Amino acid sequence: MAATKNVYQLQESHNSTGPRHGVLILFGFGIQVRVDRGHLLVEDGIGTKRRRLRFARIGHGLKRLVVIGADGMISLAALRWLADQDAAFVMLERDGSVLATTGPVRPSDAKLRRAQALAARSEAGLQIARELMARKLIGQEHVAREKLRDPLPADAIARLLSALPKTARLDEIRFLESKAAAVYWSAWRDLPITFPKNDLNRVPDHWRVFDTRKSPLSGSPRLAANPANAMLNYLYALLESEARLAATALGLDPGLGVLHVDTPARDSLACDLMEAIRPNVDAYVLDWILSQPLRREWFFEQRNGNCRLMASFAIRLSETARMWARLIGPVAEWVAWQLWSTTRKRRSSGLPPTRLTQSHRREAKVGSSAATTPAVPRIANLCRGCGKTIRDGRTNCGNCAVATATDRLANAARIGRLAARSPEARARHAESERRHAKARASWDASSQPAWLTGEIYSQKIQPLLANVSTSAIRSRIGVSRWYASRIRQGYCRIHGIGKRSHGSSCITRSE
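Criteria and thresholds
- Residues numbered from 1 in each chain as written.
- Predicted model: local features only at pLDDT ≥ 70, side-chain atom pairs only at ≥ 80, totals over all residues.
- Heavy atoms only, no water.
- Axes fitted to C-alpha atoms, helices over the stretch in contact; angles between N-to-C directions.
- Helix = DSSP H or I, 4+ residues; strand = E, 2+ residues; numbered from the N terminus.
- Parallel < 35°, antiparallel > 145°, perpendicular 65-115°, else oblique.
- Left-handed = near helix turned anticlockwise from the far one by under 90°.
- Contact = heavy atoms within 4.5 Å.
- Nonpolar A, V, L, I, M, F, W, Y, C, P; charged D, E, K, R; others polar.
- Phe/Tyr/Trp six-rings, centres within 6.5 Å; stacked < 30°, edge-to-face > 60°.
- Buried < 20%, exposed > 50% of the residue type's maximum accessible area, 1.4 Å probe, protein only.
- Lys NZ or Arg CZ within 6 Å of the ring centre and 35° of its normal.
- Polar contact = N/O pair within 3.5 Å; in protein donor to acceptor, adjacent residues only side chain to side chain.
- Expected span 1.5 Å × (residues − 1).
- Arc of directions from axis to C-beta.

Draft legend 1. Fine view of the packing of helix H6 (residues 227-249) against helix H9 (residues 311-318). The geometry of H6 relative to H9 is characterised by a closest axis approach of 10 Å and an angle of 45° between their N-to-C directions. Judged by the angle between their axes, H6 and H9 are oblique. Two packed elements cross with a definite hand, and for H6 against H9 that hand is right-handed. Of the residues in H9, those in contact with Met-231, Tyr-234, Leu-235 and Leu-238 of H6 are Phe-313, Ala-314, Leu-317 and Ser-318.

Draft legend 2. Here's a closer look at the packing of helix H3 (residues 123-147) against helix H10 (residues 321-340). The interhelical angle for the contact between H3 and H10, taken along N-to-C directions, is 160°, at an axis separation of 10 Å. In terms of their interaxial angle, H3 and H10 are classed as roughly antiparallel. Read as a crossing pair, H3 and H10 show a hand that is right-handed. Between H3, through Gln-127, Ile-128, Glu-131, Leu-132 and Arg-135, and H10, the contact on the second element is made entirely by Val-331, Trp-334, Val-335, Gln-338 and Leu-339. Of the residues in the contact of H3 with H10, the class split is six nonpolar, two polar and two charged.

Draft legend 3. Geometry of the packing of aromatic side chains. The final tally for this structure, using the stated rule, is 12 aromatic pairs. When the centroid spacing of 6.1 Å and the interplanar angle of 80° are considered together, the rings of Tyr-284 and Trp-288 count as edge-to-face. Of this pair, Tyr-284 and Trp-288 both sit in helix H8 (residues 278-291), four residues apart, roughly one helical turn. Here Trp-288 falls in the buried class, since its relative accessible area comes to 1%. Counting every residue linked through ring pairs, the aromatic cluster contains Trp-207, Tyr-284, Trp-288, Trp-298, Phe-299, Phe-313 and Trp-324. Over the face of the ring belonging to Trp-334 we find Arg-135, whose NZ or CZ atom lies 5.8 Å from the ring centre. Across from the ring centre of Tyr-236, 4.5 Å away, lies the NZ or CZ of Arg-278, which sits over that ring.

Draft legend 4. Up close: the environment of Met-323. Relative to the helices and strands, Met-323 is located in helix H10. The exposure class assigned to Met-323 is buried, which follows from its relative accessible area of 11%. Residues Met-323 and Leu-239, 84 residues apart in the sequence, show an inter-C-alpha distance of 9.3 Å.

Draft legend 5. Spotlight on the side chain of Asn-229. Position of Asn-229 among the secondary structure elements: in helix H6. Assessed through its relative accessible area of 3%, Asn-229 is described here as buried. A polar side-chain atom of Asn-229 sits 3.3 Å from the main-chain carbonyl oxygen of Thr-212.

Draft legend 6. How the structure looks around helix H13 (residues 423-442). For H13, built from 20 residues, the straight-helix expectation of 28 Å at 1.5 Å per residue is met to within 8% by its first-to-last C-alpha distance of 29 Å. Looking at H13, one finds that the buried residues are Ala-425, Ser-432 and His-436. When H13 is viewed along its axis, its buried side chains cluster within an angular range of 35° and face the same direction. Away from the buried face of H13 by more than 90 degrees, exposed residues Pro-423, Glu-424, Arg-426, Arg-434, Lys-438, Ala-441 and Ser-442 are located.

So, in structure tokens, the structure goes:
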């Protein structure tokens, strides 16, 4: 099931004039990033739909330049321009893999690097691993208990968390993490994935449920087979790129990890840092899935069954990069502090720098405020019928709401007919009929004033009933709300003036 021809690769908001949330995403063919007369020039797009932007060194608001794909060029001068502006460059694939990252690099301390290299066999490395894993398990327990509303896996993760301080080796921590992951993802298995009603005939059955985190194509999270796992893979790639940038900015080596063993073509320390923030990514995806449907045009399926993200959706997810950068910063600085504390340094060297959170600088300034949290990209509210973006607070657009309301009314009518035929309803109806028949039999027309005629009722009494509420008429003469409204509107008359007969108190009150 490949992408259809009528699916747009780029969304309309892609033609914006600047970065959103500090992130500029480039996608397409023939991407160009270069410098001209001190300005950063970028160009991207597909076919005739091209976008060209120019940024000056002041007031650009650019913090991340994300390139999705591998067709184009970036000049060395452009990389220098980004470094001078403390902006990072990230190159991603849509399958959730990081191709390249570069950002502001500061001179590193050789003692810090040496402490990092020795951490995997020291008590400091064990403490770092425990803390990172504790943050991950706490986050997973929160997601299972508060988001998925499943207390059983949450309690199991809490028990594993309580056993974490007793671990004495890294392999014991990894074993606890694997057991917690099995319990955690089992809580996701039956999670339904909703799509707009108009897209259901084009959605494969295995896309409508989360099922398992492991892909049937690879036996691992790689090569996702459904949209939810494809979203997780892509956001994890963004988180990994931010972890690499954070480690490099602090003078650490992204490849020398503690929890993750040395593996070719993997930055183990970046993978260690992102473990503490993975539950935040999970919660973000879960909030999206539980609150809004996914559109079919956001995904396409390759011939081997691999589910991939379309460019428009990948661009929307890439706008969350700064949010993950803000979350990973304190974690990376804490790890740097733990490694720094194991070095033999001069007293005058002070504390390790906090280049990511700027906490030292804020503490030095009197009356400075805490760091501001970047705005979370808003999840668009989609129509459950056609998938069109609609205003918040609504479930369907105007066109789909008509059909939905019709279905609801038909269903309510069916339920009402069944309820009216129940023995209890028929007994109440019979009792009401007996009460009304008794009232009609006991009513004597000669007891009423001679002037009370149909003409007098229509000319003098009926206009006064318009000022009496339906509930007041209903309570005084003991009829249903519907029948009281008919009396108030003049469609029915009470007593001998009309076809039905009840008490006389309403006429007296109306006079």
